[in-house]
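Descriptive structure summary
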Amino acid sequence: MTPQLDRTLTYRLHQLHKLTDADSQSAYPERTGLSMSEGRCLSTIGAFEPLSVKALADKANLNKGQASRAAQALADQGLVLKADHPGDGRGVVLTLTPTGRRVFQRAMDMIAHRNEQIFGCLTAKEQASLSALFDRLIAHARPR
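Below: a short report on this structure. Source: prediction; values computed, not measured. (Residues numbered from 1 in each chain as written. Predicted model: local features only at pLDDT ≥ 70, side-chain atom pairs only at ≥ 80, totals over all residues. Heavy atoms only, no water.)

1. A few points about the overall build of the protein chain
Secondary structure assignment for the protein chain yields six helices and two strands. Going from N to C terminus, the protein chain has its helices and strands arranged as α-α-α-α-β-β-α-α. C-alpha atoms of the protein chain, sized along the principal axes, occupy 55 × 35 × 25 Å. In the protein chain, which comprises 144 residues, the share counted as buried stands at 27%. (Helix = DSSP H or I, 4+ residues; strand = E, 2+ residues; numbered from the N terminus. Buried < 20%, exposed > 50% of the residue type's maximum accessible area, 1.4 Å probe, protein only.)

Next comes the structure, spelled out in structure tokens:
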């Protein structure tokens, strides 16, 4: 039996993604002064620093060109420091500047608020179960 499209996991994940991104498009500039893509990159760097551009691309689900442009835009705004990578003469290591750290905190506060808006309809137990299920799905879907 063919499943109904609107009941498939991928369809519903895409729908949830689009609904949440619509609000995030305006929330990032209002709360951080950054575009959504810059804000996501800044948040990723702050959460996982120090990062190479390749690691930023992997963690932020971007291609390397997008990550490189975002890192440069954030560096140009004085939010990210690009230092020479000690093991790779052509690579850089990305870290937050003090100003970047303050914007990162505002972004993380906004992300926490957005997550509460989205998942607040679930009990704490349901949220924990959903989180564990997402972990399993992501691990299963990753290339081996």
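So that's the structure; there's more coming.
2. Thoughts on the pattern of salt bridges
Throughout the structure, instances matching the rule amount to four salt bridges. In this structure, Asp23 engages Arg114 in a salt bridge whose closest nitrogen and oxygen atoms are separated by 3.8 Å. Here Arg114 lies in helix α5 (residues 98-119) and Asp23 lies in helix α1 (residues 9-32), a separation of 91 residues in the sequence. On the accessibility criterion, Arg114 (9% relative accessible area) is buried. Note that Asp58 and Lys54 form a salt bridge whose closest N and O atoms lie 3.4 Å from each other. Of this pair, Asp58 and Lys54 both sit in helix α3 (residues 53-60), separated by four residues, roughly a single helical turn. (Salt bridge = Lys/Arg side-chain N within 4 Å of Asp/Glu carboxyl O.)

3. Details of the packing of helix α2 (residues 36-48) against α5
One way to put it is that α2 packs onto α5 with a least axis distance of 9 Å and a crossing angle of 105 degrees. Put simply, α2 runs roughly perpendicular to α5. The residues of α5 that touch α2, namely those facing Leu42, Ser43, Gly46 and Ala47, are Gly100, Val103, Phe104, Ala107, Met108 and Ile111. Per-class residue counts for the contact of α2 with α5 are seven nonpolar, three polar and no charged. (Axes fitted to C-alpha atoms, helices over the stretch in contact; angles between N-to-C directions. Parallel < 35°, antiparallel > 145°, perpendicular 65-115°, else oblique. Contact = heavy atoms within 4.5 Å. Nonpolar A, V, L, I, M, F, W, Y, C, P; charged D, E, K, R; others polar.)

Structural measurements only, silent on function.
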